[in-house]
Protein chains: 6
Amino acid sequence: MDAELSDALETLKQVSTNTLTTQLLKRGMPSMFIGGTSPLNPAAGRLVGPAYTLRLIPMREDKLTPEKGRSPDYPQRRAVAECPPGHVLVIDARGDTGTAVLGDILMTGLQTAGAAGVVTDGAMRDTDAMIALNFPIFCGGIAAKNSHISHFASELQVPVACGNAAVFPGDIIVADADGAVVFPVELAAELASNGAAQELLEIFLQERVAAGNPIAGTYPPNDETLEAYEAWKQNR
Amino acid sequence: MDAELSDALETLKQVSTNTLTTQLLKRGMPSMFIGGTSPLNPAAGRLVGPAYTLRLIPMREDKLTPEKGRSPDYPQRRAVAECPPGHVLVIDARGDTGTAVLGDILMTGLQTAGAAGVVTDGAMRDTDAMIALNFPIFCGGIAAKNSHISHFASELQVPVACGNAAVFPGDIIVADADGAVVFPVELAAELASNGAAQELLEIFLQERVAAGNPIAGTYPPNDETLEAYEAWKQNR
Amino acid sequence: MDAELSDALETLKQVSTNTLTTQLLKRGMPSMFIGGTSPLNPAAGRLVGPAYTLRLIPMREDKLTPEKGRSPDYPQRRAVAECPPGHVLVIDARGDTGTAVLGDILMTGLQTAGAAGVVTDGAMRDTDAMIALNFPIFCGGIAAKNSHISHFASELQVPVACGNAAVFPGDIIVADADGAVVFPVELAAELASNGAAQELLEIFLQERVAAGNPIAGTYPPNDETLEAYEAWKQNR
Amino acid sequence: MDAELSDALETLKQVSTNTLTTQLLKRGMPSMFIGGTSPLNPAAGRLVGPAYTLRLIPMREDKLTPEKGRSPDYPQRRAVAECPPGHVLVIDARGDTGTAVLGDILMTGLQTAGAAGVVTDGAMRDTDAMIALNFPIFCGGIAAKNSHISHFASELQVPVACGNAAVFPGDIIVADADGAVVFPVELAAELASNGAAQELLEIFLQERVAAGNPIAGTYPPNDETLEAYEAWKQNR
Amino acid sequence: MDAELSDALETLKQVSTNTLTTQLLKRGMPSMFIGGTSPLNPAAGRLVGPAYTLRLIPMREDKLTPEKGRSPDYPQRRAVAECPPGHVLVIDARGDTGTAVLGDILMTGLQTAGAAGVVTDGAMRDTDAMIALNFPIFCGGIAAKNSHISHFASELQVPVACGNAAVFPGDIIVADADGAVVFPVELAAELASNGAAQELLEIFLQERVAAGNPIAGTYPPNDETLEAYEAWKQNR
Amino acid sequence: MDAELSDALETLKQVSTNTLTTQLLKRGMPSMFIGGTSPLNPAAGRLVGPAYTLRLIPMREDKLTPEKGRSPDYPQRRAVAECPPGHVLVIDARGDTGTAVLGDILMTGLQTAGAAGVVTDGAMRDTDAMIALNFPIFCGGIAAKNSHISHFASELQVPVACGNAAVFPGDIIVADADGAVVFPVELAAELASNGAAQELLEIFLQERVAAGNPIAGTYPPNDETLEAYEAWKQNR
């Protein structure tokens, strides 16, 4: 990862998913929100990093033998071994929230190896243990049901569908209390810088609104409000 | 708002939505429950007040220009400016929980202007900031997705659908941990008084049941239990 | 309940639903997970016990008179009076999470009479009061809507559907943060013993993985890992 | 079946489900529509008769052995043998339209034994063969998937849920192109007579509307229209 | 209606909804498809005309008295009386396909008064009679359930949601076997002309592809194919 | 394709999907049914052949430029050019039935090039034209909405999910009025032979049942019935 991208990702740790969907909409990209995921453990914080993808398809009795499911070559296992440090494991579970995609031992392996976190439109299990890991996990639900009952891990590092958004390997993922967003890495620096600027302005605007200023003229800001903002920014 | 209504609303702050759906069912009105909403911040407490309505329809690219969406004349903005103090902003989002209906700046404006709170079958975003406002917000979900991606704010103060219930401007809304209820203002005094009486009785009945009295004869109460209740009430 | 079953249930209090779905899958039983329920009050702890069932069908105006709904003979009321101590009341609500199946007074009665807890694919109401009971309640949602609006309690102690699983009277129910599992009583001893063994091994394996051992060779364990496990077990 | 009921059922063969939901609504019974079913073979005509019920719950691997599923004692098989002539087999499939509840051989047996037809909120298979039987079958969908994959036939002649309505054994079922309706047998004579009268009037009213008379005054009819109706009725 | 619009609508009777969604997508308007509707009677043909809207919200027992529901002032009745000749009645039923929005007498009145047809995301009943009218009706389903059970007709000629698209009074509706499309009247002439041109070209391209020409170079057409098209067009 | 497989596919043209799900269930493979698809044109007949797969993921504005979508290199276009004669194009549309996956020109190209047919859990458009092709097309719905609005064609010949079943390139697909089934090519000969035998027996059994023989002893057949079957088979 080059220095510019590192800097952008660092900045993005302070930029909310709300701000990012707004910035992306301005650029003609309304389809970048990964729907239906929430933090398993809000205290584990926000999640930012490049996507490493795992694709699950429906289980087939003739393909998923118990041996295969336990083999280190099984893509679900390989994902844990191969997801690079700092990356976000994105798991396409076809929106099935009734079956777990991972348990706590594989999740521990992922965290130990340095992954940034996990995003999936599927479910997690062993969630008490997962919460104890203090690791950013975003999922669509909780279910004890073993992944082998419904899922077959077919491939790593292919484009996937997650929460009705497409995620390509290397895309940037940002997730927080309001869900998860994906965008092409080429936009990282620009979104970091524009996003941070938008957020600073909005802190000011919220203060103004909280102080009783009317929405009209304040949000969005007219010239007078923008002038006040410039002054406020100088004095911070 | 006249004094009788003020008193009724004050009493209703202590009457649960459970009691109200039961009272409404007795009056032949089973359709008064707004389904699928829950408190974004349970610590912000219960919500009682007359409804002020905002209606969202699906976004249309030819109608929702960026200028229109940011204009003070846009009904979403006007709702914040015009919702009267003590009123509940009820937003019809067609049950779409994948897209936000409001962000934290508009929510701050609404609170600052004295609104009682918000009920919607749509989603909220900037939820960390919203939780910090300590303002009663009841919604169907959480999603960072910008409202302009899916919604067009078409009208204020028309009858709306919310959580599969109809809400007319001026109807009374009561919301708590178990969801939200709507009823016509004409019933406010009666429901307040009957609801409070039912709740007092049920406190007594729960104590009796907790003390080991059988359900039969206690709940619903027979004459003996009612007599004991009268005695208990005298001694409170 | 005989001593062997008592012992098994005691052991099962320490065995997670995750472990149980895995053990059941190994025995060719993937259909034992009760989907879509979660603990109303996680602090009330895990739930283990034999099932006592209540079946709800859609309300019919000609069958459910107010008198019938309040009568001690109504199966919903009888369930509270007749559910044996230590048993789990399993309520088939057809997955309708928009209507409550029980309120706090009946729940208090159930707890007072010694029931182990409740599992339903329906909703609960009076949930603040229910949470205060510190009683293990697993449900599909929360809704103030009175059960008489949508449900008719038709029978006790018949096989039921709950969360897309079949539950027969006397089946064993185990529920925790990851949901609820059902299995025939004949398997209780075997699942308790095998489940506890699996969990002990997995505690060791998670430690190994957390210490940086690769997934391959550790999970599932190869001979070397198993040997280390045996040594670890001796030293506990 | 007594003569009065026979006459009523004969009359009901000419009364539409639309008319019946209206008549039932007038009597305070809006919950009598069996939702989501349609005729597999519209040419096989309308279906009227008392309900004979079969209840399916989710499959359990420990309960549904291949032997049991093929045994004449299995309730699915017994339903075919025991459903009385003229009765409607109503199958509660929990609204699962992805799995068949019956195939063509059992359906042939049912028709041969004199059943009036079938209503289910589940799916049918062997549908080409079933269509060839010219037998009134109302179902929620079509799917080749074997019933043993998802269903366990648990009981006969108990109250069931079907299409979000409750059906009790002996209730009267009427089904046509617009779906299926259920009501208690006690109402059969009254609904037959009132329904037939409503339909005759509506034939007249539709003619009047088709002739250009305004809705106001015609539908519902004012005194003048009713007078014209009486004259029309005399002249038929 | 001016002559230009009349001409455009006449041309649009030959332009498919497929072509129109493609033309609208080219203009940056992907949100113009009314989802989930199909022709009740395909033989009644295509439907083109300006929208006249009726909005249904959930039924409320305190608002919808039997008298109100039967009054000529009830918006459902007024819609039939007031929908102008050549217009399409668009009914917002909130996607509820389990309840009818209209029966055959009101539908007859609408046809007699010269309406072009009906589009709704709700259900129809009396469908045998409706099919006999030979009138273009597009709906989301079929259900005998009386509209008064679930719907309250609140307003006419307001913007509505239908099939997850927004429809404004006066918008142009086109519906055929593939569903229904909506667009602003300002685009009618342009879409008619561009759509007809696209369709003529596609007839030619389909012939070429059917004759064995490869997709590459044919669809979309390269210069050679376009030249052949011009020659073909001359010779028609 | 070797001769044995050709023979098996030929035989499978007479074996129903019902028979196949039963045969697969006997072999411990209940997950082989592709749910929710039906024939667009039942008159076009049954569909049998090896799977050629196309995978669609959600549209991304930065990936799907109009140029890319029209390029012969776009996998949707390549699928038409590269699907081998006799093969079934299986399209994974993530169960989205609100958007078309193909139109009539590409479908014509596919038919002209010799494909056996198409199966998808998505929707089709230009359906009148498609029906006129007399080509076996199995889909989840009908919708005019352009595929570019919701789908991005990401890959060919990878394992896909379709109707909640996994389909691998080269798997055998059989589809008829009751839906579509998938199984590994290794089972083709065995399923063809066993399936045909089952169907012949069931023709006999249905005749016996239609003649009034009881289900018990006939279906499944006892020794006497099997003896009669052998005689019947000799005399055919």
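Rules used throughout
- Residues numbered from 1 in each chain as written.
- Chains lettered and ligands numbered in written order.
- Predicted model: local features only at pLDDT ≥ 70, side-chain atom pairs only at ≥ 80, totals over all residues.
- Heavy atoms only, no water.
- Core = buried A, V, L, I, M, F, W, Y, C linked by side-chain atoms within 4.5 Å.
- Buried < 20%, exposed > 50% of the residue type's maximum accessible area, 1.4 Å probe, protein only.
- Contact = heavy atoms within 4.5 Å.
- Least-squares fit on C-alpha atoms with pLDDT ≥ 70 in both.
- Helix = DSSP H or I, 4+ residues; strand = E, 2+ residues; numbered from the N terminus.
- Axes fitted to C-alpha atoms, helices over the stretch in contact; angles between N-to-C directions.
- Parallel < 35°, antiparallel > 145°, perpendicular 65-115°, else oblique.
- Nonpolar A, V, L, I, M, F, W, Y, C, P; charged D, E, K, R; others polar.
- Pairing = 2+ DSSP bridges.
- Buried area = accessible area lost by both parts, 1.4 Å probe.
- Salt bridge = Lys/Arg side-chain N within 4 Å of Asp/Glu carboxyl O.
- Polar contact = N/O pair within 3.5 Å; in protein donor to acceptor, adjacent residues only side chain to side chain.
- Phe/Tyr/Trp six-rings, centres within 6.5 Å; stacked < 30°, edge-to-face > 60°.
- Lys NZ or Arg CZ within 6 Å of the ring centre and 35° of its normal.

**Some points on the nonpolar core**
In this structure, E:Leu89, E:Leu102, E:Met107, E:Leu110 and E:Met124 are the most contacted members of the largest nonpolar core, which totals 41 residues. For E:Leu89, the residues in contact, after removing those within four places along its chain, are E:Tyr52, E:Leu54, E:Ala79, E:Cys83, E:Leu102, E:Leu110, E:Gly117, E:Val118 and E:Val119.

**As for the relation of the copies chain D and chain F**
Note on the identical chains: chain D maps onto chain F by a rotation of 120 degrees and an axial translation of 0.0 Å, with an RMSD of 0.0 Å. Taken together, the rotation angle and the small translation identify this as a three-fold axis. Relative to the rotation axis, the C-alpha of D:Gly141 is the closest in chain D, positioned 7.8 Å from it.

**Some details on the environment of D:Glu224**
Residue and element names in this part refer to chain D. Mapped onto the secondary structure, glutamate 224 falls in helix α9 (residues 223-235). Here glutamate 224 falls in the exposed class, since its relative accessible area comes to 60%. Taking C-alpha positions, glutamate 224 is 16 Å from alanine 211, a pair spaced 13 residues apart along the chain.

**A look at the packing of helix α7 (residues 188-210) of chain C against helix α9 (residues 223-235) of chain C**
Residue and element names in this part refer to chain C. Across the interface, α7 lies against α9 with an axial gap of 10 Å and an inter-helix angle of 105 degrees. Compared by their axis directions, α7 and α9 come out roughly perpendicular. Where α7 approaches α9, its residues Ala197, Leu200, Leu201, Ile203, Phe204, Leu205, Glu207 and Arg208 are matched on the opposing element by Thr225, Leu226, Ala228, Tyr229, Trp232 and Lys233. Looking at the contact of α7 with α9 residue by residue, the classes come out as ten nonpolar, one polar and three charged.

**A closer look at the sheet that holds strand β5 (residues 100-102) of chain E**
Pairing between sheet strands relies on hydrogen bonds along the backbone, with the strands arranged either parallel or antiparallel. Residues and elements named next belong to chain E. A sheet is described by the order of its strands in space; here three strands give the open sequence β5-β7-β9, paired in parallel fashion. Across the chains shown, the open sheet's two edge strands, defined by having one partner strand only, are β5 and β9 (141-142). In the sheet, β5 pairs with strand β7 (residues 123-124) via two bridges, with the strands oriented parallel. When the bridges of β7 are listed, alanine 100 appears paired with alanine 123.

**A closer look at the interface of chain F and chain A**
With 30 residues of chain F at the contact, the number on the chain A side is 30 residues. Across the interface of chain F and chain A, roughly 2,200 Å² is buried in total on both sides, 60% from carbon and sulfur atoms. There are four salt bridges connecting chain F and chain A. Between F:Arg60 and A:Asp171 there is a salt bridge, with the nearest N and O atoms lying 2.7 Å from each other. The interface formed by chain F and chain A includes eight residue pairs in polar contact (both at pLDDT 80 or more). Breaking the side of chain F that touches chain A down by element, the ones donating at least two residues are β3 (47-58), β10 (151-156), β11 (160-162), β12 (165-167) and β14 (179-183) of chain F. In terms of residue class, the side of chain F that touches chain A is built from 18 nonpolar, three polar and nine charged.

**Re unusual backbone geometry**
D:Pro220 follows D:Tyr219 through a cis peptide bond whose omega is 5 degrees. Looking at where D:Pro220 falls in the secondary structure, it is placed in the loop between α8 (215-218) and α9. Residue A:Asn134 is not a glycine yet carries a positive backbone phi of 55 degrees. Mapped onto the secondary structure, A:Asn134 falls in the loop between α6 (127-132) and β7 (137-139). For F:Gln157, which is not a glycine, the phi torsion comes out positive at approximately 55 degrees.

**Some points on the side chain of F:Thr218**
All names here are of chain F. Within the secondary structure, threonine 218 is located in helix α8 (residues 215-218). A relative accessible area of 4% means that threonine 218 is categorised as buried. Setting aside residues up to four positions removed in sequence, threonine 218 forms contacts with Leu205, Arg208, Val209, Asn213 and Thr225.

**What about the packing of aromatic side chains?**
For any two aromatic rings, the description comes down to two numbers: the centre-to-centre distance and the angle of the planes. What the rule picks out here adds up to 30 aromatic pairs over all chains. With a centroid separation of 5.2 Å and 50 degrees between ring planes, the pair formed by A:Phe204 and A:Trp232 is classed as tilted. Placement of A:Phe204 in helix α7 (residues 188-210) and of A:Trp232 in helix α9 (residues 223-234) is noted, with a sequence separation of 28 residues between them. Here the two residues A:Phe204 and A:Trp232 agree in accessibility, since each one is buried. Three or more aromatic residues link up through ring pairs in this structure, and these residues are A:Tyr74, A:Phe152 and F:Phe168. Seen from the ring of E:Phe168, B:Lys63 lies directly overhead, with NZ or CZ sitting 4.5 Å from the centre.

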